[in-house]
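# Structural description and commentary
Chain by chain, the residues:
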Amino acid sequence: MKKLFFLSILFISNLSFGQMAIKAGNYYEYHKLWKRDSVSVKKLMDNYKLDISKLEYVKFFGDFDLSHKLHTNYSYTAYIYKVDKDTGVVSMDSIPYEKKTPAPNKYFMVYCFDDFTKGKTIYIKVF
């Protein structure tokens, strides 16, 4: 009886929490990003004269241990391209992040979060 009660509570709580999860947008990286929005990535790279050809690509989630280590320990610069979907205004910015260890200039990440309502943000991070 206790097991049945516990399982029913677990089932009900999963139903209520599952209904609260709503997808906020699309996330995509590197190759998929180049296929979907190469013009924006190219504009960002040209604007900051970025050459990532000799750097090693790191996936944000796929190489999570390395990604976490880089974000936690190493200095890096984030290059950001934002598009406001309401106004069509594009903005670009570069933000340096200082950490314990200087950037090895060996790795890069490139990814995009395209939310369904406000805008799209592309990030290129150079470690």
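Here the structure is a predicted model, which is why all the values come from computation and not from measurement.

## Some remarks on the packing of aromatic side chains
Counted under the stated rule, the structure contains 11 aromatic pairs. Arranged with centres 5.4 Å apart and planes meeting at 70°, the rings of Y27 and F61 form a pair that is edge-to-face. Taken together, the positions of Y27 in strand β1 (residues 25–29) and F61 in the loop between β2 (56–57) and α3 (64–73) put the pair 34 residues apart, joining distant regions of the chain. According to the relative accessible area criterion, Y27 is partly exposed, its value standing at 30%. You can call F61 exposed: its relative accessible area is 51%. Judged by centre distance (5.5 Å) and plane angle (50°), the rings of Y57 and F108 are tilted. One end of the pair, Y57, is in strand β2; the other, F108, is in strand β5 (residues 107–115), and 51 residues separate them in sequence.

## Section: the pairing of strand β4 (residues 90–97)
Where strand β3 (residues 76–84) and β4 come together, 8 bridges link them in antiparallel fashion. In the sheet register, A78 faces β4, and the bridge partner there is I95. What sits between the antiparallel neighbours β3 and β4 is a turn of 5 residues, in which G88 has the positive phi angle 80°.

## Some details on α3
Within the sequence span of α3, burial applies to S67, L70 and H71. Buried residues of α3, seen end-on, are gathered within an arc of 95° and therefore sit on one face of the element. On its buried side, α3 packs onto β3, β5 and β6 (119–126).

The rules behind the values
Residues numbered from 1 in each chain as written. Predicted model: local features only at pLDDT ≥ 70, side-chain atom pairs only at ≥ 80, totals over all residues. Heavy atoms only, no water. Phe/Tyr/Trp six-rings, centres within 6.5 Å; stacked < 30°, edge-to-face > 60°. Helix = DSSP H or I, 4+ residues; strand = E, 2+ residues; numbered from the N terminus. Buried < 20%, exposed > 50% of the residue type's maximum accessible area, 1.4 Å probe, protein only. Pairing = 2+ DSSP bridges. Arc of directions from axis to C-beta. Contact = heavy atoms within 4.5 Å.

Function-wise, these values are silent; they only describe arrangement.
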